[in-house]
Every structure is written in C-alpha cells, then in structure tokens.
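Observations on the model geometry
These are the residues of each chain, in order.
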Amino acid sequence: MKKRYILSPGPTSVPSEVLLAQAAPVMHHRTPQFAEIAKECFEGLKKVFLTESPVLIFASSGTGAMESAVVNLLSPGDKTIVIRSGKFGERWGELCEAYGVGFTPIDVEWGKAVKPADVAAALKKTPGAKAVFATHCETSTGVLHPVKELAAVTAGTDAVLVVDAVSSLGGVPLRTDEWGVDVVVTGSQKAIMLPPGLAFASISEKAKKLSESAKCPRYYFDWRPALKSYAKNDFAWTPAVNMMFGLRESLKMLLEEGMENVFARHARLATAVRAAVAALGLELFAEAPADVVTAVKVPEGIDGGALVKKLRDEQGITIAGGQGHVKGKIFRIATMGFADTYDVPVVIAGLEVVLSQLGYSFKVGSGVGAAVKTLAK
Ligand SMILES: *Cc1c(COP(=O)(O)O)cnc(C)c1O
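Remember, predicted model here, so these are calculated numbers, not experimental data. (Residues numbered from 1 in each chain as written. Predicted model: local features only at pLDDT ≥ 70, side-chain atom pairs only at ≥ 80, totals over all residues. Heavy atoms only, no water.)

**Quick look at the environment of serine 366**
- Here serine 366 is to be found in helix 14 (residues 366–376).
- Distance in space between the C-alpha atoms of serine 366 and asparagine 233 is 53 Å, their sequence separation being 133 residues.
- Serine 366 has contacts with Ala279, Leu280 and Glu352, leaving out every residue within four places of it along the chain.
- A distance of 2.7 Å separates a polar side-chain atom of serine 366 from the backbone oxygen of lysine 363. (Helix = DSSP H or I, 4+ residues; strand = E, 2+ residues; numbered from the N terminus. Contact = heavy atoms within 4.5 Å. Polar contact = N/O pair within 3.5 Å; in protein donor to acceptor, adjacent residues only side chain to side chain.)

Here you go:
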C-alpha cells in the first residue's frame, strides 16, 4: 500500500465531499431541479470570480475557455497584444495564430514578470488593438503577473484585457470588477478543487459587445447562445451534469471559508514552502512567486527528472517538473485548491528524502524545520 499525495499544479487533490456529490444519480438537465443547481453554481462562481458579470461554464479543460475568448472577441486579421512569459502565455499566441488573429508579442524572460509599461508601449505601437492576452499565474514558471496594473493600462483604451487565471483563480486574489478585467478564464482542476473537465469564463459588458460582431468561426464555444441560456439558468448544450453537482459543493466550501480566508491560506502555505526551499539552500525560479505554485531551480549536479520521478514513484508524492526549455532544470510544488497546513511538511519531507538519495548535500530536517516554524507563526 502507498498513500498518494498530489501537489502538482493541476490536476489537484479533490475533497471527498465534492467526489461524493458527483457520484449522485444523473439528473436531466432540462428540469426546474437542475436549473436550481445551475443557478447556485452561477451565483457562487460570481462570488469566486469577484464579479457581477456572467460566468459561463463549458465542458472542456481550461484551454477551451481560452479558445472561447479568442473566437468570441476577435475577427481574422484583428490586432492584439500577447504577453508570452512561459508555456501558457505562448498558448494565447498559438490560439491567435490558429484563427488568423494578428498579435504583437511581448516576450518576457521565463521566471520574470511583465512590466505594465511595456504593455502600454505595445498598445501605443499597435493602434486599433482589440485585446491584450495575459496570464495571471504563469504556471510553467511560478510567476504571478501584475494583473491589477495591466487592467489600469487597458482601462483607457479600446482593448479588452483577457486573463488566463487557470491556476490562480480561487487561490490568489483576482479582483475582476474592482481592477476592471474584462475576461477571466479558468479551469476546474486547479484551485477550484474539482476534477478536470470544466472551464469557466467571466465576460464584462465591453467583452460582450465585441462578441456580438466578432467574425472568427465559432460554434460550441459561442458565447451568444450560452449567454442567452445563462439568463434562464440553462445551457445551450448538455452541461456536464455530475460535475455541476461537484461544482456546487466546491463553491459552497470555498464560500463558507470565505474568499479572503482562502487567499490567506494559500499565502500561508506558499510562504512555508518558500521558507523550506531557502533553508535547503535551493533557489526559487520566479522573481515574483505566486502563492499557488512554487518553482524551484534544480541544484547543480542533481537530475531534475529523476527527482520528480522518485518523489512520485517511490514516495507517492506527485509534483511537477519543468516544461519547455526549463525541463529538468526546475521542479514545481503546488499548494493550490484543496491544500492545507500539513501538506507542506509532507511534500518537503519527501523532497528531503529524495534529495539525500540523489546525493545533494544539506542538513536533513532543515527544510521541514523551516516550514514548521513558518506554519507555527
Ligand atoms: C492548467 C493551465 C491551463 C489550462 O490547461 P488545460 O490542460 O487545458 O486545463 C491554462 N493556463 C494555465 C496558466 C494553466 O495553469
């Protein structure tokens, strides 16, 4: 027997209450009973997204909601700005390319955060730009980008700000309405505490206007029929009924804890992970680390791939390695979603076991000690 822990930046661990809710008998979706559940989900999502705008639900992974933003906001030949600072920022560019939407890339070194002034300059140089595509937590590097400041840049322009918050929403504050973010997209399998399979997009009035005249081909992800049905607590197509049962439960758990407390919990856990990393003599990869995932540089002489694999296969703890050109060079510990105090000493203890087996020289227990000291504060 091996007890398994999942501290990867998606999928994440799911509470039993949510899993059990999803095991309920299937319900027909065109019934007043299901409309009640849909209504609860829509209302709860607004509170988690910190918005009064509609939040649509799609049966897809997070990338589906990203694609929905591109096809609903733009027409082939339109100009946009894409911030690329890792794997997921690159995805915005790939989606634009797939639909013939033009973009000016802002390439940021992996591990660094975008400078809002660079976005302002790119907008000036791209007259008529209709959208800025950004990433809140760039999961591939562990960086938290300054979305509030980016929203201040786009506020006075015709461009909408579209934010990929797949790994951050429900973990770190993203004050959609207060900051003025037009479209926020996320997926179910990260901080929202659900299995993979649902995606969400919040749509501001400014974004909705664009979606009425956009010419990109769209069908399943068309916001227009979705918004029409949304107004009646309904769906254009068959929703993922049982996942909605789970969503209702996870939203209830998040809102009972209170979003500010949820954010504080994430900050506390990530702070403890970072303290452990420092005590182990390891270095963070991100210059502005997000409180949902901690990216750590693999120390000189240690095989990063082996570290992640041994931790998973021998210790039962799943974290993530690096993606793209940082593969083997970093590892990523996620404390997002259904993560609490004692997940931290568990993952750090496992890391210490594997680091000692791989011949890294450090004082055994120093990481766990630093984590516990931080958590005890
Ligand atoms: C996980 C993730 C996605 C979406 O990936 P899917 O596999 O499509 O769910 C997008 N952006 C970021 C920042 C992510 O962390």
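**A few points about unusual backbone geometry**
- A cis amide bond links glycine 10 with the next residue in sequence, proline 11, at an omega value of -5°.
- Of note, proline 11 is situated in the loop between strand 1 (5–6) and helix 1 (16–22).
- Of note in this structure, methionine 193 is not a glycine but carries a positive phi near 70°.
- Turning to its location among the elements, methionine 193 is positioned in the loop between strand 9 (183–187) and strand 10 (199–203).
- Located in the positive-phi region is asparagine 233, a residue other than glycine, with phi close to 55°.

**Overview of the pairing of strand 8 (residues 160–164)**
- With five of its five residues buried, strand 8 lies for the most part within the structure.
- With three bridges joining them, strand 8 and strand 9 adopt parallel strand pairing. Pairing of valine 163 across the sheet is with valine 184, part of strand 9. (Buried < 20%, exposed > 50% of the residue type's maximum accessible area, 1.4 Å probe, protein only. Pairing = 2+ DSSP bridges.)

**Points about the site of the ligand**
- Surveying the vicinity of the ligand reveals 13 residues, the closest of which are Ser61, Thr63, Thr139, Asp164 and Lys190.
- In the environment of the ligand, an oxygen atom lies 2.5 Å from a nitrogen or oxygen atom belonging to the side chain of serine 61.
- One nitrogen or oxygen atom from the main chain of glycine 62 is found 2.9 Å from an oxygen atom belonging to the ligand.
- Expressed as a share of its isolated accessible area of 380 Å², the protein-covered part of the ligand is 88%.
- Among the elements of the structure, helix 3 (62–73) and helix 4 (87–98) are those that each provide at least two residues to the shell around the ligand.
- With three residues, helix 3 is the single largest residue contributor to the shell around the ligand.
- Taken together, the residues of the shell around the ligand sort by class into four nonpolar, six polar and three charged. (Near = heavy atom within 4 Å. Areas by Shrake-Rupley, 256 points an atom, 1.4 Å probe, with all protein chains shown as cover. Nonpolar A, V, L, I, M, F, W, Y, C, P; charged D, E, K, R; others polar.)

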